[in-house]
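# Survey of secondary and tertiary structure
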Amino acid sequence: MLLALFLVLPTVVFAESGIIEVTAPGNRTLKLVVDAPLPFETTPHVESAREISDVLVFDMNMSGIASAESRDLTPSPGVLSLADTDFMPWMTGGYDLLIRSAYRIKGEELTVEFRMFDVLNHKLLTAKRYLGRTDELRRFAHSFADEVLLVITGEKGCFTSRIAYVSTQSGNKEIYVMDWDGYNPLPLTRNGSINLNPDFSPDGREIIFTSYKRGNPDLYRRALSNTAEIGLSNRKGLNITGTWSPDGSRIALALSKDGDAEIYTIAKDGSNPVRLTVSRALEVYPGWSPDGKQIAFVSDRLGKPQIYVMDADGGNVRRLTTSGSYNVNPRWSPKGDRIAYSRSQGGFQIFSIRADGAGDTQLTSEGSNENPSWSPDGRFITFSSSRGGGPGLYIMRADGSGQTRISKGKGGYSQPAWSRN
Amino acid sequence: MVAKLTMLCIISSHGLNYRHSALLNRTKEIGMRRGILALLAALSMTALFAGGCANKEVVKSEEAVVPKEVIAEPVKAEPKSEPVKPVEKIAQAEPPAAKQAEKAAVAEVSFETVYFDFDKSDLRQDARNVLNKNADILLKSKPDAKVQIEGHCDERGSAEYNLALGERRAKSSMQYLITLGVKADRLSIISYGKEKPAVQGNDDAAWAKNRRAEFVAK
């Protein structure tokens, strides 16, 4: 699925990223409005227009950078240019930012153009045009939302990223992948067995997962573009909780081939196991730091599972979690500063803690919540939750706000893993 | 006078318990166990241990054993027995087990399931009693059989940690069988963590039946 991206012609000015020259009184959130997308050289497609607006509004609201809504205040002038944009209605509405867009659909071909304006100062901040297929409409809108975040904050958004997960909708646990907002779910495995704990490669092209399809919990690899499931580690005992190193060269996982479950790394082709932990306890669920120099993991060496951190060569083991009696599922933020995890207190709750062990913060409180996974920009966390008739998949901002259900169906969702790009 | 082998079939792996006949003569021969009373006591006690470490409540509900004899063992709490209802519930949930049980009952002795406390893999006395019986089958009546020991956990706890804990339960059982003289190459293990519960349910009774090691003939 190629994203064909054409920059708008040189007459358009691109704003400097990082600073937005909007004067908002006090510290209130920016107010962003999405004008109804205009058809150009095409008959109106109401559903498509609505979908463009919905994606932009959802992404911007989740970001927490702006509160967004869609409005249709102006009659369609038919042209997106700065000169032809009437800012009065938007200023009256109290908006800081305005996104206007236009689309053309000819058969399977789709063109969408977006422009974002500073309402108060009547300035064009950024513009993009996308050309592709009609089924890429959401992706184009997500991509522009990434651009909006880049312009406002200096950091690109993650709205074209995807989440792999486990679902029982077919009757048994299979691996699926969906857009970050829960749309376009696609099955990745269909082997009728028990499939667990997917993880994305850093380039986003492959997943690894554990499957019992050959009668033992073995680690497999699958390219997203290809249905072949290739055995990576089928050593005696457990081959579970595999996770790729940030540079893509190695995979950390738990193997029990030498006794009890311990943390090892293997090369990305499955060879050359290197043992990292040596203890009479059970060790599972490794999680790499974003610089690849440390690995967090779960160990019950003190009786119940707690989270520890070690160097990537196994040295310098230190305990991370000191509150709570049962802490699991460590995942390091791509920003490097915090580790999200899940604590059992009867049901589970998601916490995040600073990498130095301070600042332990509870993020969820409703239902039972497990397996946190960070977005590639570190802004969001996805997790599974039993709330609201669950079990479903949710996203929230890194500070725990904005908890929103993204899984759409009834399929017993669990173990989400966010892509890294 | 001939010591006839009578059948004791307990399909504990699916939570159904019923007996075809009261005694194995061999229990006398072996002489290390306390016979049927102990077995029933063991199976009944599994429900009473269901609270385990994480739950300070004394278990109040009885699990699905059909007790034909009064339990004489000292127990943690008075069991409220509801023998009929839970059996029916489980029977509805697991019809294939009934068929399998009948087949096995007609054929021969079957391996029994071992149960564990919450978050633990050590063998209780009842577990050891069951393992003694299973070792017996392996050493005497089925000397060529190979067995895979499956380790399982209840639904609480982390799925990934439970994969490792289930394996420890299977290993614990395997090692005990080896000390009883079963050759190691006849035994293999696998863990299913909490992925394959024997009994659906969100209460102590269901959880107790799911914390188990099952013996599957290979």
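Keep in mind that what you see is a predicted model, and the values were worked out from it rather than measured.

On to the overall build of chain B, then. Of the regular secondary structure elements, chain B holds seven helices and four strands. Starting at the N terminus and walking to the C terminus, you meet the elements of chain B as α-α-α-α-β-α-β-α-β-α-β. Across the 218 residues of chain B, 46% fall into the buried class. Sequence-distant contacts, at least 24 apart, represent 69% of the contacts inside chain B between residues at least 6 apart.

Residue and element names in this part refer to chain B. Taken together, four strands build an open sheet; the order of strands is β1-β4-β2-β3 and the sheet is mixed. A single partner strand is all that each edge strand has here, and the edge strands are β1 (114-115) and β3 (187-193). As paired strands, β1 and strand β4 (residues 212-217) are joined by two bridges and run antiparallel to one another. Bridge pairing in β4 links Tyr115 to Arg212. Strands in contact with helix α6 (residues 159-179) are β1, β2 (147-152), β3 and β4; relative to β3, the strand with the most contacts, it is inclined by about 155°.

Bringing the interface of chain B and chain A into the picture now. The interface is formed by 12 residues belonging to chain B together with 20 residues belonging to chain A. Of all the secondary structure elements, the ones that give two or more residues to the side of chain B that touches chain A are α6 and β3 of chain B. Here the side of chain B that touches chain A gets seven residues from one element, more than from any other, and that element is α6 of chain B. By residue class, the composition of the side of chain B that touches chain A is five nonpolar, three polar and four charged.

With that settled, consider the domain arrangement of chain A. Residue and element names in this part refer to chain A. What the domain assignment reports for chain A is domain 1 (4-153) and domain 2 (162-418). Taking only C-alpha atoms into account, the centre of domain 1 sits 36 Å from that of domain 2. With three residues, the top contributor of residues to the side of domain 1 that touches domain 2 is helix α1 (residues 46-63). Looking at side-chain class alone, the side of domain 1 that touches domain 2 contains two nonpolar, two polar and one charged residues.

Moving on to the environment of Ala164 of chain A. Residue and element names in this part refer to chain A. By the secondary structure assignment, Ala164 is in strand β8 (residues 162-167). Taking the number of C-beta atoms within 10 Å as the measure of exposure, Ala164 has 24 and is therefore buried. Separated by 53 residues in sequence, Ala164 and Pro217 place their C-alpha atoms 19 Å apart. Residues in contact with Ala164, not counting those within four places in the same chain, are Ile175, Val177, Pro198, Phe200, Ile207 and Ala417.

Definitions and cut-offs
Residues numbered from 1 in each chain as written. Chains lettered and ligands numbered in written order. Predicted model: local features only at pLDDT ≥ 70, side-chain atom pairs only at ≥ 80, totals over all residues. Helix = DSSP H or I, 4+ residues; strand = E, 2+ residues; numbered from the N terminus. Buried ≥ 20, exposed ≤ 12 C-beta atoms within 10 Å, placed from the backbone. Contact = placed C-beta atoms within 7 Å. Pairing = 2+ DSSP bridges. Axes fitted to C-alpha atoms, helices over the stretch in contact; angles between N-to-C directions. Nonpolar A, V, L, I, M, F, W, Y, C, P; charged D, E, K, R; others polar. Domains from an automatic or database assignment.

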